[in-house]
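What follows is the residue order along each chain.
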Number of protein chains: 2
Amino acid sequence: MKRGRIAEMLGIEYPIFQGGMAWIADADLAAAVSNAGGLGIIAAGNADADYVRGQIRKAKELTNKPFGLNIMLLSPFADEIAQIVVDEGVQVVTTGAGNAGKYMSLWNEAGVKVIPVVPSVTFAKMAARTGAFAVIAEGGESGGHIGELATMTLVPQVCDAIDLPVIAAGGIADGRGIAAALALGAEAVQLGTRFLSATECNIHENYRNKVFKAGDTATVVTGRRLGHPVRSIKNQFAREYGKIEYTDISDEELDQFAAGRLRMAVVEGDEKNGCFLAGQSAGMVTKEQTCAEIIADLMQDADRVIGDLKKWEK
Amino acid sequence: MKRGRIAEMLGIEYPIFQGGMAWIADADLAAAVSNAGGLGIIAAGNADADYVRGQIRKAKELTNKPFGLNIMLLSPFADEIAQIVVDEGVQVVTTGAGNAGKYMSLWNEAGVKVIPVVPSVTFAKMAARTGAFAVIAEGGESGGHIGELATMTLVPQVCDAIDLPVIAAGGIADGRGIAAALALGAEAVQLGTRFLSATECNIHENYRNKVFKAGDTATVVTGRRLGHPVRSIKNQFAREYGKIEYTDISDEELDQFAAGRLRMAVVEGDEKNGCFLAGQSAGMVTKEQTCAEIIADLMQDADRVIGDLKKWEK
């Protein structure tokens, strides 16, 4: 498969981004993906400025290829981290959970390519207006914080609405998903859940095993009541949250109930009490591979699927 | 685009099914789709046996091409209608909302091709075990009663799980969606929302206009509390239902609140109180066309998209 326009402009070999998963996507994972020819992305999440700077510097030691940083705009450290991006010469920033407008002139002047993650046409248009390089249209079949639109309907509608390149995310785990995303109009793809299987992904072994064991209906969405829906693997925590969400518990208590759960999953591997974020594609992720093996697999598989589509030609 | 195996086996010209939308998909719509080379499908919904027999006979007068009947298995008239299918020589039956196992030997002995609509791998395997001809894997971006999995993740996982041909549904409204569905492993597609725009679709003009005006985020899912989620266009009814769903209202009262709302939408065009079922693809449906125009458009567009994918070949 050719690398296409976005990969060319970013100086990467393959049009494959690794999703900026909070608590999960660190320098090790991002550098491994970038070394394998994709775009590795470190997640800033809610981490402080020192931690993020440290991860960026570590990634620079581990790879001389381009990598990105995902900034969660609601983070209390967003202002500081926005500046670190410029100081450290990070080439690509992806943004989630908010409007990146505030930092756009800072980043654009420094030559940082800004790629907001968008859940709808409205957010895509906002990104285009404020000078984004591209957008990641992420469907609600993905893991973690999700929007309501599915990849199948989001990607073509975003492509119709703006002139920027579109990266598709949500529900993509193999070459079929990549070929489907290209058919929908995307020029690259972002995968999160598939990279949970990577040898270089520093999650607790229990987390990885939960992904490998997951079937097609293993995930559930909680948090709709508070307007911040989150997809995770069904377990005791998700069941309990799903129950109390429909009671007269206060919003504060509900928030408190969920606090710290991601750390419990990623670091402690607490199968009952942790929140194991994963997308609906978890059912297609069944074995550990290195990032290099994953990316080689994806590209080869996408080639096969695109080749097979010829049988539909008249 | 070639018609492929399913279309060949069904004796239709194009691999395009029209969804069996209750209250909407009548003999006029189904016959128009079949005459245009797709597979038209009459919806039995909760209608009684006489009505369904009448619609089948009407369709036979309007077309000599194959058409199907969608049976809602929870209908109080399901037993009678199952027999009518055989008596009237209907070629294809699609089933929703339940397990078709009870009728499989009756239908298979009569040579009826049974194609259950499935929301998950478990239901797909059950269909395969009980002798289905194929399955329709329908993602939750579709309109009406929906499952939790999106088309992007459902279709490949169903393809991996069973050996039957798979028809993809949910979120498909143009050639991009068709090509994406084929990439995911489907051999045909089913579209519902797109056919709401058909000249031959006997819905109230207010319904059609609501679809034309819909943007990407125009739909909402209600009914999750009762375990029967339904996607419809946001309006006063959907907002009210969405509110009381999270209160201590009884399940019976909640059911009662929704009763008769589809009729109000389809027949009366009551924009405030009706339930206007539509999928997330409503944002891509913008103008009235005949069924023949829709199907010609879809096939031409899919051809273009599949041709364009060549630019990704090495």
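The rules we used
- Residues numbered from 1 in each chain as written.
- Chains lettered and ligands numbered in written order.
- Predicted model: local features only at pLDDT ≥ 70, side-chain atom pairs only at ≥ 80, totals over all residues.
- Heavy atoms only, no water.
- Axes fitted to C-alpha atoms, helices over the stretch in contact; angles between N-to-C directions.
- Helix = DSSP H or I, 4+ residues; strand = E, 2+ residues; numbered from the N terminus.
- Parallel < 35°, antiparallel > 145°, perpendicular 65-115°, else oblique.
- Left-handed = near helix turned anticlockwise from the far one by under 90°.
- Contact = heavy atoms within 4.5 Å.
- Nonpolar A, V, L, I, M, F, W, Y, C, P; charged D, E, K, R; others polar.
- Pairing = 2+ DSSP bridges.
- Salt bridge = Lys/Arg side-chain N within 4 Å of Asp/Glu carboxyl O.
- Buried < 20%, exposed > 50% of the residue type's maximum accessible area, 1.4 Å probe, protein only.
- Arc of directions from axis to C-beta.
- Polar contact = N/O pair within 3.5 Å; in protein donor to acceptor, adjacent residues only side chain to side chain.
- Right-handed = clockwise from strand over helix to strand, strands pointing away.
- Buried area = accessible area lost by both parts, 1.4 Å probe.

### Brief notes about the packing of helix α8 (residues 175–184) of chain B against helix α13 (residues 291–308) of chain B
Residue and element names in this part refer to chain B.
So, point 1. The interhelical angle for the contact between α8 and α13, taken along N-to-C directions, is 60°, at an axis separation of 7 Å. In this view, α8 runs oblique relative to α13, as classed from their interaxial angle. Two packed elements cross with a definite hand, and for α8 against α13 that hand is right-handed. Contact residues: α8 offers G175, R176, I178, A179 and L182, while α13 offers L298, D301, A302, V305 and I306.
So, point 2. Split by residue class, the contact of α8 with α13 holds 7 nonpolar, 1 polar and 2 charged.

### Quick look at the sheet that holds strand β8 (residues 166–169) of chain A
Paired through their backbone hydrogen bonds, the strands of a sheet run either parallel or antiparallel.
Residue and element names in this part refer to chain A.
So, point 1. Spatial strand order, β1-β9-β8-β6-β5-β4-β3-β2: 8 strands in an open sheet with parallel pairing. Of all the strands in the sheet, just β1 (16–18) and β2 (40–43) have a single pairing partner and so form its edges. Across the sheet, the mean angle separating the axes of adjacent strands is 25° when strand polarity is ignored.
So, point 2. The pairing of strand β3 (residues 67–72) with strand β4 (residues 92–96) spans 5 bridges and is classified as parallel. Looking across to β4, one finds that L69 is bridged to V93.
So, point 3. Set on the sheet, helix α2 (residues 27–35) makes contact with β1, β2 and β3; between it and β2 the angle comes to about 165°.
So, point 4. Seen against the sheet, helix α5 (residues 101–109) touches β3, β4 and β5 (113–118) and runs at an angle of roughly 145° to β5.

### Description of the pattern of salt bridges
Residues and elements named next belong to chain A.
So, point 1. Inspection of every chain in the model, using the stated rule, returns 38 salt bridges over all chains.
So, point 2. D308 serves as the salt-bridge partner of R304, at 3.6 Å between the closest nitrogen and oxygen. Of this pair, R304 and D308 both sit in helix α13 (residues 291–308), 4 residues apart, which is roughly one turn of that helix.
So, point 3. We classify R304 as partly exposed; its relative accessible area is 43%.

### Remarks on helix α8 (residues 175–184) of chain A
Given 3.6 residues per helical turn, the α-helix brings residues three or four places apart onto the same face.
Residues and elements named next belong to chain A.
So, point 1. With respect to burial, α8 is a largely interior element, 10 of its 10 residues being buried.
So, point 2. If you check which residues of α8 are buried, you get G175, R176, G177, I178, A179, A180, A181, L182, A183 and L184.
So, point 3. Of the residues trailing α8, G185 is marked for its positive phi of about 115°.

### Some details on the packing of helix α6 (residues 121–129) of chain A against helix α7 (residues 151–161) of chain A
Helix-helix packing is described using two parameters, namely the angle between the two axes and the distance between the axes.
Residues and elements named next belong to chain A.
So, point 1. In contact at an axis separation of 9 Å, α6 and α7 are set at 40° when each is read in the N-to-C sense. Crossing of α6 against α7: the hand is right-handed. From α6, V121, A124 and K125 reach across to α7, where they touch Q157, V158 and A161.
So, point 2. Per-class residue counts for the contact of α6 with α7 are 4 nonpolar, 1 polar and 1 charged.

### Focus on helix α10 (residues 236–244) of chain B
Residues and elements named next belong to chain B.
So, point 1. Here α10 has its buried residues at F237, A238 and Y241. Buried residues in α10, looked at end-on, bunch into an arc of 95°, giving them a common side. Seen from the open side of α10, the exposed residues pointing more than 90 degrees away from its buried face are R239 and K243.
So, point 2. Capping the start of α10 is the job of one residue whose side-chain oxygen sits 3.2 Å from the backbone nitrogen of F237: N235.

### Section: the pairing of strand β8 (residues 166–169) of chain B
All names here are of chain B.
So, point 1. Because side chains alternate across β8, one face comprises the buried residues V166 and A168, and the other comprises I167 and A169, equally buried.
So, point 2. Relative to strand β9 (residues 188–191), β8 runs parallel, the two sharing 3 bridges. In the sheet register, A169 faces β9, and the bridge partner there is Q190.
So, point 3. Tracing the backbone out of β8, into α8 and back to the parallel element β9 gives a crossover that is right-handed.

### Points about the interface of chain A and chain B
Where interface size is given, it is often the accessible area lost as the parts come together that is meant.
So, point 1. Contacts between the two partners involve 50 residues from chain A, matched on the other side by 50 residues from chain B.
So, point 2. Counting each side, the surface lost to burial between chain A and chain B is near 4400 Å², with a carbon and sulfur contribution of 63%.
So, point 3. There are 6 salt bridges connecting chain A and chain B.
So, point 4. The shortest N-O distance in the salt bridge between A:D303 and B:K314 comes to 3.8 Å.
So, point 5. On inspection of chain A and its partner chain B, the count reaches 20 residue pairs in polar contact (both at pLDDT 80 or more).
So, point 6. Those elements that place two or more of their residues in the side of chain A that touches chain B are α7, α8 and α13 of chain A.
So, point 7. Examining the composition of the side of chain A that touches chain B, we find that 8 residues originate from one element, α8(A), more than from any other.
So, point 8. Counted by class, the side of chain A that touches chain B contains 22 nonpolar, 14 polar and 14 charged residues.

### Overview of the sheet that holds strand β4 (residues 92–96) of chain B
Residue and element names in this part refer to chain B.
So, point 1. The strand order β1-β9-β8-β6-β5-β4-β3-β2 describes an open sheet built from 8 strands, whose pairing is parallel. The open sheet has two edge strands, β1 (16–18) and β2 (40–43), and neither has a second partner. Across the sheet, the mean angle separating the axes of adjacent strands is 25° when strand polarity is ignored.
So, point 2. Here helix α4 (residues 78–87) sits on the sheet and contacts β3 (67–72) and β4; the angle it forms with β3, its principal contact strand, is near 165°.

Just geometry here; none of it tells us what the structure is for.
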